[in-house]
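Descriptive analysis of the structure
What follows is the residue order along each chain.
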Amino acid sequence: MIERKNMGRVSPFLLVLLALGFSFATYNLLTLVIRYKTSDPVIAMPQNVRKLGKSNLKYHVALTATDAPYSQWQCRIMYYWYKKMKDAPGSDMGKFTRVLHSGKADNLMDEIPTFIVDPLPEGLDRGYIVLNRPWAFVQWLEKATIEEDYILMAEPDHIFVNPLPNLSHGDNPAAFPFFYIKPTDHESVVRKYYPKDKGPVTDVDPIGNSPVIIKKTLLEEISPTWVNVSLRMKDDPETDKAFGWVLEMYAYAVASALHGVRHILRKDFMIQPPWDLEVGKTFIIHYTYGCDYDLTGKLTYGKIGEWRFDKRSYLRGPPPRNLSLPPPGVPESVVRLVKSVNEATANIPGWEPAESNN
């Protein structure tokens with residue numbers, strides 16, 4: 001399905017920022033409107049929402065993607081599991097959109113609901129393609145028709161393993177706390193974008209933009225700031241070195257804090273094999289890490305295993321159907337991951353693995 005409205009002018013203010021390389025600091029124009037403390041070590045949330053029950057409001061599932069084969073096959077698997085979980089009891093899923101920031105249609109338009117947006121101007125991403133994510137959301141939010149009041153920002157390498165309810169509460173989005181996002185460990189860098197007069201560095205949540213369930217109106221406010229902060233961070237050598245491949249995640253966390261938004265931190269939102277061992281009652285498998293094991297089921301991370309599953313083994317195209325299952329002793333989370341991939345590829349029409357992924 002192709003959906004592309006008249007792009008027109010996205011926003012004169014944003015285009016000026018792009019033209020100037022986003023050299024101006026948005027935070028001077030912002031006012032903090034919410035400030036909360038979080039405390040729970042497992043599920044941290046602002047105190048005022050602890051007494052509230054389940055939200056029961058539909059959210060729109062959105063993921064940003066490119067037209068590269070590596071992105072495409074992951075999107076197809078992700079969409080398969082979205083369709084399977086959407087109407088399951090306990091799910092608050094609404095509609096689905098692949099926000100394609102390649103600027104043109106690809107061969108999945110009839111398979112996956114897609115909205116085409118433009119990439120950043122050439123060279124502005126400095127080879128860090130993830131910088132296109134916030135810019136893609138800005139365009140999509142401004143130009144698309146989105147029926148739901150909430151949005152789940154997801155990624156191609158997410159697999160839904162249990163029906164996902166709306167975990168947010170009003171103006172408090174729900175997010176997954178990443179162990180490697182540590183604003184307090186980088187206070188001097190964070191302060192370049194979140195000055196002391198805005199509040200303590202602990203106001204910056206240890207999160208990225210995905211997975212996050214957030215009210216659409218809040219994301220509309222945060223996204224332009226997220227673009228701005230991302231590009232300013234990438235333009236600063238110290239920040240770029242400190243944050244590396246997770247720079248855009250820090251940018252979302254900082255942008256949210258600049259708008260006074262605190263997230264409900266849900267460790268059960270997602271697992272990341274091979275480090276998380278069981279699926280249990282969690283909702284998403286994120287297969288960003290390679291899974292390498294010897295034939296006794298021992299993890300050999302950092303060394304190619306006798307058995308392995310790593311999405312980066314399939315950069316040129318889809319993996320084959322019916323991947324071999326892990327040997328005995330490998331954690332249930334890894335077994336579930338491979339079985340989920342196999343189920344999807346067995347049921348997706350026209351699944352054609354690449355001739356060579358080497």
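Refer to the preceding data block for the structure.
Counting starts from 1 at the beginning of each chain's written sequence and moves along it residue by residue. Confidence filtering applies because this is a predicted model: local features only for residues at pLDDT of at least 70, side-chain atom pairs given and counted only at 80 or more, and all residues used for totals across whole chains, interfaces and linings. The side-chain numbers reported here are obtained from all heavy atoms of the structure, hydrogens and water having been left aside.

**Observations concerning the nonpolar core**
Threshold: Only buried Ala, Val, Leu, Ile, Met, Phe, Trp, Tyr and Cys residues count toward a nonpolar core, and they belong to the same one when joined by side-chain atoms within 4.5 Å. The buried label goes to any residue with under 20% of its type's maximum accessible area, the exposed label to any with over 50%, and the partly exposed label to all in between, with areas taken from a 1.4 Å probe on protein chains only. Pairs of residues are marked as contacts when any of their non-hydrogen atoms sit within 4.5 Å.
Counting 105 residues, the largest nonpolar core has Trp140, Phe160, Leu164 and Phe269 as its most contacted members. Non-local contacts of Leu164, meaning those with residues more than four positions away in its chain, are made with Tyr59, Gly90, Ser91, Asp92, Met93, Leu152, Ile213, Phe269, Phe283 and Ile284.

**Notes on the packing of aromatic side chains**
Defined as follows: Stacked, tilted and edge-to-face are the three classes applied to pairs of Phe, Tyr and Trp rings, where Trp contributes its six-membered ring and a pair requires centres within 6.5 Å; stacked means planes under 30 degrees apart, edge-to-face means over 60, and tilted covers the rest. Segments assigned H or I by DSSP are reported as helices when at least four residues long, segments assigned E as strands when at least two residues long, and all are numbered from the N terminus.
In total, this model carries 20 aromatic pairs according to the counting rule given. Centroid distance Tyr287 to Phe309: 6.1 Å. Interplanar angle 50 degrees. Geometry classified as tilted. Within this pair, whereas Tyr287 is found in the loop between strand S12 (284-286) and strand S13 (291-293), its partner Phe309 is found in strand S14 (residues 307-309), the two being separated by 22 residues in sequence. Per residue, the accessibility class of Tyr287 equals that of Phe309, and both read buried.

**Regarding the pattern of salt bridges**
Condition: Criterion for a salt bridge: a side-chain nitrogen of Lys or Arg within 4 Å of a carboxyl oxygen of Asp or Glu.
What the rule picks out here adds up to 21 salt bridges. Asp292 is the partner of Arg308 in a salt bridge, and the nearest nitrogen-oxygen pair spans 2.7 Å. Placement of Arg308 in strand S14 and of Asp292 in strand S13 is noted, with a sequence separation of 16 residues between them. Here Asp310 and Arg308 are joined by a salt bridge, their closest N and O atoms 3.6 Å apart. By relative accessible area, which is 11% here, Asp310 ends up buried. Looking at Arg308, the relative accessible area reads 32%, which means it is partly exposed. Residues joined in a network through salt bridges with shared partners are Asp292, Arg308, Asp310 and Arg312.

**Focus: the packing of helix H5 (residues 216-235) against helix H7 (residues 247-258)**
Put simply, the rule is: Axes here mean lines fitted to C-alpha atoms, for a helix over just the part in contact, with angles spanning 0 to 180 degrees between N-to-C directions. To sort the angles, those under 35 degrees are grouped as roughly parallel, those over 145 as roughly antiparallel, those from 65 to 115 as roughly perpendicular, and the leftovers as oblique. Take the far helix as your reference; a near helix turned counterclockwise from it by less than a right angle gives a left-handed crossing, and one turned clockwise gives a right-handed crossing. For this scheme, ten residues count as nonpolar: Ala, Val, Leu, Ile, Met, Phe, Trp, Tyr, Cys and Pro. Four count as charged, namely Asp, Glu, Lys and Arg, and the remainder, Gly too, count as polar.
Where H5 contacts H7, the two axes come as close as 8 Å, and the packing angle between them is 135 degrees. Relative to H7, H5 is oriented oblique. Both H5 and H7 take part in a crossing whose hand is right-handed. When H5 is examined against H7, the residues Ile222, Thr225, Trp226, Val229, Ser230, Met233 and Lys234 are found in contact with a partner set consisting of Leu247, Glu248, Tyr250, Ala251, Tyr252, Val254, Ala255, Ser256 and Leu258. The residue inventory of the contact of H5 with H7, partitioned by class, reads eleven nonpolar, three polar and two charged.

**Details of unusual backbone geometry**
Residue Pro211 is bonded to the preceding Ser210 through a cis peptide linkage, with omega at 0 degrees. Structurally, the position occupied by Pro211 is in the loop between helix H4 (187-190) and strand S9 (212-215). Phi is positive for Arg126, which is not a glycine, with a value near 55 degrees. Mapping Arg126 onto the fold places it in the loop between strand S5 (114-116) and helix H3 (132-143). Its identity is not glycine, yet Asn322 carries a phi of approximately 60 degrees, on the positive side.

**Remarks on the sheet that holds S12**
Sheet strands associate in pairs through backbone hydrogen bonding, adopting either a parallel or an antiparallel arrangement. The cut-off we apply is this: Think of it this way: DSSP has to see at least two bridges between two strands before they count as a pair.
Ordered by their spatial adjacency, three strands build an open sheet running S7-S12-S11, and the pairing between neighbours is mixed. Of all the strands in the sheet, just strand S7 (158-160) and strand S11 (270-271) have a single pairing partner and so form its edges. By the bridge criterion, three bridges tie S7 to S12 in an arrangement that is antiparallel. Bridging from a neighbouring strand, His158 pairs with His286 of S12.

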